[in-house]
Amino acid sequence: MMSKLLYPQRPIRLYVLVGLIAMICFIQSFLLIPTWADPDLRVIIPYLREEMVLPSVVLGFFAAIMLQPQNSRSVILGSITALSPWQRIRPFAITLWTGALLGSLLGWSYILTRGMNNGWRTVDLLPLSVLFISLFACSTLAMVFASLTPGKSKLVLAPLLTVLTVFAPVFINRIVLNNTGLSSISLGFIWGDNFVSYPSDFVVSTELIRATYFLLLGLCGFYALIKTNVYAISGRKTFAIQGMAFFIPPLLVFASTIAMSPVVVKYYEGPESCVEVGQQNLCLPVAQSKLLPRLKKQFTDYFAQLPDGWIKPGQTIGLSSGTFNELTLFNPGSFSTLEEWEARSFTNSVHSLFIVPGRSAQACEEGELTTTAINSILIRANLPMETTTAFNIETGQEVEHTITVEDDPNLAFLVKLPTSRYHEWLQNHRKVISECRLTKDMFK
């Protein structure tokens, strides 16, 4: 009945809108889930948090469509002015909240299930709940902006203002608070990076503050929506001012949190699974223990290409905890696929075996030959390699390309050497490789 009252010529059933919003949120959240192998919730939750931008656009757009008829110039208001603001808003608010939460939950269900199959902790449920509370707050803000903006411009302004609000803490942190020692991201919808991933962990106190803040923002936004709806119907600016006044408590909390700048992540101190690889230990968080057999074989093949004693015995192969060495694996939370992570980690590892600190192969005059020597280890061990950019003469376009022995006769020479001779060649040229002084006559 309410939908017929608000749209007398073309009544819209609210469950259709709920389904449409849910479908769009589902599609965008499903398509953007990380493809990393066997992630746990410490990787998944920050990833989903950083994808809040697209839902904010969807919510702002639908809020504008649904609240479009409720303005002082509308010719179809009729008797709805006799209804209370909540009666006018209720069907649309419930529609937007339900669509946002249901769509995201459906879209995230697959990746969340995968993560929980790798193990989950009670503490993980807190930052997960923050995601849904922030969606509630974002939906409410979208309706406030739709009520405040005039006429058809709300179809553009409501989504735009919603997205700007989502980005605001990141902007403040990077521009206004840069080099001040203060931070605004603890209460941001997004952080501009997926900080909380291996080997980092959630900070419970910060997540409690975030949950409280977004709940406060959503509730204050609800009361602001009541007032701004009256403004939209009557055109009296007093109601708009009263509505915006409800945001003073969240703004005060936001400002005080900047002054405190709570820690947003901490180093993960949970259990690890380890296996021996020759004279080294390979250790990963328990959630990633399924990767140990694969990595053990890869590192075994990798070490087989190196002369005895090349790497100091007893070093741990593992994820970075702030220090890097030749056996440091990159943080998997920054990569979309297992293969991409392996390629970067092994390429970095081999580079670190040769190149002295503060110098890169690319910066050396003979850097191309140094890179050739480094790539030979990766190819001989059949390890994933980073792709390079090549220029296609026929099409005139740059294309991603993986180095092969067909590309470089010097590389082919090293790859075809017997293992014993290859070890000898590496030992004889270790210093010149590290100093980027390789010459073509050395490849023989």
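Above this text is the structure in question.
Residues numbered from 1 in each chain as written. Predicted model: local features only at pLDDT ≥ 70, side-chain atom pairs only at ≥ 80, totals over all residues. Heavy atoms only, no water.

Draft legend 1. Here's a closer look at the overall build of the chain. Summing up its helical and strand segments, the chain has 15 helices and eight strands in all. Out of the 444 residues belonging to the chain, those deemed buried represent 50%. In the chain, 72% of the contacts between residues at least 6 apart in sequence involve partners at least 24 apart. For the chain, the exposed area adds up to about 21300 Å²; of that, 61% sits on carbon and sulfur atoms. (Helix = DSSP H or I, 4+ residues; strand = E, 2+ residues; numbered from the N terminus. Buried < 20%, exposed > 50% of the residue type's maximum accessible area, 1.4 Å probe, protein only. Contact = heavy atoms within 4.5 Å. Areas by Shrake-Rupley, 256 points an atom, 1.4 Å probe, with all protein chains shown as cover.)

Draft legend 2. Fine view of the packing of aromatic side chains. One pass over the structure, following the stated rule, counts 16 aromatic pairs. Seen in terms of ring centroids, W97 and F136 are 5.3 Å apart; in terms of plane orientation they differ by 55 degrees. Their pairing is tilted. Here F136 lies in helix α6 (residues 125-148) and W97 lies in helix α5 (residues 85-117), a separation of 39 residues in the sequence. By the burial criterion, W97 is buried, and F136 matches it. Measuring from centroid to centroid gives 6.0 Å for F299 and Y302, while their planes differ by 45 degrees, and the two rings are tilted. (Phe/Tyr/Trp six-rings, centres within 6.5 Å; stacked < 30°, edge-to-face > 60°.)

Draft legend 3. Layout of unusual backbone geometry. Of note in this structure, S261 is not a glycine but carries a positive phi near 45 degrees. Mapped onto the secondary structure, S261 falls in the loop between α10 (248-260) and β2 (265-267). Here N382, not a glycine, exhibits a phi torsion of approximately 55 degrees, which is positive. As for its position among the elements, N382 is in the loop between α13 (367-380) and β7 (388-392). A relative accessible area of 70% places N382 in the exposed class.

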